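Coordinate inspection notes
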Amino acid sequence: GFSWKLADHPKLPKGKTIAMIVLDGWGEANPDQYNCIHVAQTPTMDSLKEGAPEKWRLVRAHGKAVGLPTEDDMGNSEVGHNALGAGRIYAQGAKLVDLALESGKIYDGEGFKYIKECFNIGTLHLIGLLSDGGVHSRLDQLQLLLKGASERGAKRIRVHILTDGRDVLDGSSVGFVETLEEDLKALRAKGIDAQIASGGGRMYVTMDRYENDWSVVKRGWDAQVLGEAPYKFKSAIEAVTTLRAEPKANDQYLPPFVIVDDSGKPVGPIVDGDSVVTINFRADRMTMLAKALEYEDFDKFDRVRVPKIKYAGMLQYDGELKLPNKYLVSPPEIERTSGEYLVHNGVRTFACRVNSKHLIFCRVLPNNHLLFNSETVKFGHVTFFWNGNRSGYFKEEMEEYVEIPSDSGITFNVQPKMKALEIGEKARDAILSRKFDQVRVNIPNSDMVGHTGDIDATVVACKAADEAVKMILDAIEQVGGIYVVTADHGNAEDMVKRNKKGEPLLDKAGKIQILTSHTLQPVPIAIGGPGLTPGVRFRNDVPEGGLANVAATVMNLHGYEAPSDYETTLIEVADN
Ligand code: 3PG
Ligand code: CO
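All values derive from a computational prediction rather than experimental measurement.

Definitions and cut-offs
- Residues numbered from 1 in each chain as written.
- Chains lettered and ligands numbered in written order.
- Predicted model: local features only at pLDDT ≥ 70, side-chain atom pairs only at ≥ 80, totals over all residues.
- Helix = DSSP H or I, 4+ residues; strand = E, 2+ residues; numbered from the N terminus.
- Rg over C-alpha atoms; globule rule 2.2 N^0.38 Å.
- Buried ≥ 20, exposed ≤ 12 C-beta atoms within 10 Å, placed from the backbone.
- Domains from an automatic or database assignment.
- Contact = placed C-beta atoms within 7 Å.
- Nonpolar A, V, L, I, M, F, W, Y, C, P; charged D, E, K, R; others polar.
- Pairing = 2+ DSSP bridges.
- Axes fitted to C-alpha atoms, helices over the stretch in contact; angles between N-to-C directions.
- Core = buried A, V, L, I, M, F, W, Y, C linked by C-beta atoms within 7 Å.
- UniProt positions renumbered as here; feature names shortened; annotations may be inferred.
- Parallel < 35°, antiparallel > 145°, perpendicular 65-115°, else oblique.
- Left-handed = near helix turned anticlockwise from the far one by under 90°.
- Arc of directions from axis to C-beta.
- pLDDT = per-residue confidence, 0-100.

Glancing now at the overall build of the protein. Helix and strand counts for the protein stand at 16 helices and 18 strands. The C-alpha atoms of the protein give a radius of gyration of 24 Å, which matches the 25 Å a tight globule of 576 residues would have. Seen through its C-alpha atoms, the protein measures out along the principal axes to roughly 80 × 60 × 45 Å. Residue burial in the protein is summarised as follows: out of 576 residues, 57% are buried.

Moving on to the domain arrangement of the protein. Here the protein is partitioned into domain 1 (18-91 + 334-573) and domain 2 (94-329). With 26 residues of domain 1 in contact, the opposing surface of domain 2 contributes 23 residues. For the side of domain 1 that touches domain 2, a count of residues per class yields six nonpolar, 15 polar and five charged.

Turning next to the sheet that holds strand β10 (residues 327-329). The mixed open sheet is built from eight strands, whose spatial order is β6-β7-β5-β4-β3-β8-β9-β10. Looking at which strands have only one partner, the edges of the open sheet turn out to be β6 (231-233) and β10. Neighbour-to-neighbour, the strand axes of the sheet open up by a mean angle of 20°, direction not taken into account. Relative to strand β8 (residues 275-278), strand β3 (residues 124-130) runs parallel, the two sharing four bridges. Paired with Leu 126 across the strands is Val 277, a residue of β8. Contacts from helix α7 (residues 173-189) reach β3, β4 (156-163) and β5 (193-201) within the one sheet, and its direction differs from that of β5 by about 165°.

This paragraph deals with the pairing of strand β9 (residues 310-315). Judged by how many residues are buried, β9 sits mostly within the fold: five of six residues are covered. Bridging between β8 and β9 involves four bridges; their strand directions are parallel. Bridging across to β9, Val 276 finds its partner in Tyr 311.

This brings us to the environment of Gly 128. Tracing the chain through its elements places Gly 128 in strand β3. Among the residues examined, Gly 128 registers 29 C-beta atoms within 10 Å and is labelled buried. With 23 residues separating them in the primary sequence, Gly 128 and Glu 151 have C-alpha atoms 21 Å apart. Setting aside residues no more than four positions away along its own chain, Gly 128 makes contact with Ser 137, Leu 142, Leu 162, Thr 278, Ile 279 and Asn 280.

Another point: the nonpolar core. One recurring pattern in soluble globular proteins: nonpolar side chains tend to sit buried together. Ranked by internal contacts, the top residues of the largest apolar core, which has 157 residues, are Ala 19, Ile 21, Ile 472, Val 484 and Ala 551. If you tally residues by element for this core, the top one is helix α15 (residues 455-479), at 13 residues. Both of domain 1 (18-91 + 334-573) and domain 2 (94-329) provide at least three residues apiece to this core. Leaving out residues up to four positions away in the same chain, Ala 551 has contacts with Leu 84, Gly 85, Ala 86, Gly 87, Ser 338, Ala 562 and Tyr 566.

Below, the discussion takes up the environment of Lys 511. Position of Lys 511 relative to the elements: it lies in the loop between β15 (482-487) and β16 (523-528). Assessed through the 9 C-beta atoms surrounding it within 10 Å, Lys 511 is described here as exposed.

Let us look at the UniProt feature "domain: BPG-independent PGAM N-terminal" (unreviewed entry) in the protein. If you check UniProt for "domain: BPG-independent PGAM N-terminal" (unreviewed entry), the listed places come out as residues 98-318 in our numbering. Span residues 98-318 is 33% helix and 18% strand, its end C-alpha atoms 20 Å apart.

Another point: the packing of helix α8 (residues 214-226) against helix α10 (residues 287-294). Running from N to C, α8 and α10 cross one another at 55°; their axes reach a closest spacing of 10 Å. What the angle tells us is that α8 and α10 run oblique. For the element pair α8 and α10, the recorded crossing hand is right-handed. Residues Trp 214, Val 217, Gly 220 and Trp 221 of α8 touch α10, and the partners they reach there are Met 288, Leu 289 and Ala 292. Among the residues forming the contact of α8 with α10, the class breakdown is six nonpolar, one polar and no charged.

This brings us to helix α9 (residues 236-245). Of the positions making up α9, those classed as buried are Ala 236, Ala 239, Val 240, Leu 243 and Arg 244. The arc that holds the buried residues of α9, viewed along the axis, is 115°, so those residues lie on one side. In this structure, the buried side of α9 is in contact with β4, α7, β5, β6 and β7 (257-259).

Once that is clear, we can look at the confidence of the model for the protein. One rule of thumb: low pLDDT means the predicted coordinates there are not for detailed reading. On average, residues of the protein score 92 in pLDDT, and 92% of them are at 70 or above. Counting contacts from residues 356-379, a segment whose pLDDT is below 50, to residues more than four positions away or on other chains yields 81 contacts. Of the two predicted TM-score estimates for the complex, the pTM is 0.94 and the ipTM is 0.99.

Turning next to the packing of α7 against α9. It is the contact of α7 with α9, at a shortest axis distance of 9 Å, that shows an interaxial angle of 175°. When the interaxial angle is binned, α7 and α9 end up roughly antiparallel. Packed against α7, whose contacting residues are Ser 173, Val 174, Val 177, Glu 178 and Glu 181, the element α9 presents Ala 236, Ile 237, Val 240 and Thr 241 at the interface. Looking at the contact of α7 with α9 residue by residue, the class counts come to five nonpolar, two polar and two charged.

Shown next, in the form of structure tokens:
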């Protein structure tokens, strides 16, 4: 039968303290002025690179290597951490929705049948991120769903859009709205009453995560459900172009608006008898709205009116909470992750990260008292994504989650150092305590500040991240441990949109276009430390290696062979 027991590695010892450091949004790209990692002083990461090719190499962090549909799909934190933790490549939400739409199976599922019940009497509402970023949602999937639903009887459809500018260029919202409007017009020509009903920028309306700021979700609720917003427009194009000009909001932060008819009445509040689908496949930024839509008992904000609706998610966002209860496509089933194996083999783990919003999560043994414990979340990136989208503990007696509130209410270009120092200190202390075999951290600066598009601030962010790495490596030096330093996807290494030749792309006014999104770049991985057995080096026969190869590598460094179905290890032990 199945056993969690891992075979001993024939050459590598157990019991070394391993620091597993993930730099968020830290890719490798040509050195130029738009490469903030290159521009920043990063002596620690630079010195690791000198270990190439035996102790430093690049791994793939985008596209098929992390379970995304195509090689044009940039990496992201969800799929990156999934791959790092699971050691295998799973078809991810984006891909699963593509397949379900392509085969038409999405329309045969329980979720679609459920929302279809309203088609005769009510309105079908689609809420989600409007872009082709492919991180949380995709426009072409929305287009197919609109077509499919209307062909299957939806007579009245309202779309509630969230503008992006984070996974795609700022300003691109206008084009996406135009495309959507064309589609809706075509539906109207077929006699279907289809319109955009409300909108707002993703970072200001609806798409908060980890229960950091419920007012974001409330703003969306007021517009989508109640039909109330500070701004009212006759069309979404007008809304987006006007709000970008005055109050000069960018796509990420557009204020909420509703579309009204000639008499000034909102065209699409959500009412009893309607159906709602949240079209994002990625969970973290849809979970809060899902709770507001689904839970009878709900006290995060005053919903004022709670319509009796049939609600389904594009995917189920939380398998533990069964949230939402109904969904159009089943999420990837990520099983037997490396964290679970290691816990079952007695490896003691400490994990700490700033969540990509405002919190630091730490995972510690119960006897290791950290003083910080605040309300908010039950799960976070480091555990949830790393452990295969699982918010619970593997072995509760060995694990504890602790979280520290970070700077809130700001965009991170204002505070680019974020909590890097604090993460470094926590990790250092955990290492020096010698209570842990693995100390796992995520350092978010290059990603979170990179997303703001502020190049100068991103340079500061990269330097701060490098300093945190140094603190951790110094501690590893002291205890005779091993380090593994890598990243989940690229971001700060390229801050400009480029043409096919790789040259910065200029807009009509001749200005460069800032890239706020992640990239397609590979990420570095470095190994080292005094505890590393002599002769351990990167193999040269895994040139296509990606993030999913890291789990087996780390298991080896803990003294174990990886399970046979894991992606192969990146290391070998040379005979000296
Ligand atoms: C976000 O949700 O902030 C971005 O869309 C993706 O960033 P992340 O994958 O690094 O969280
Ligand atoms: Co990011």
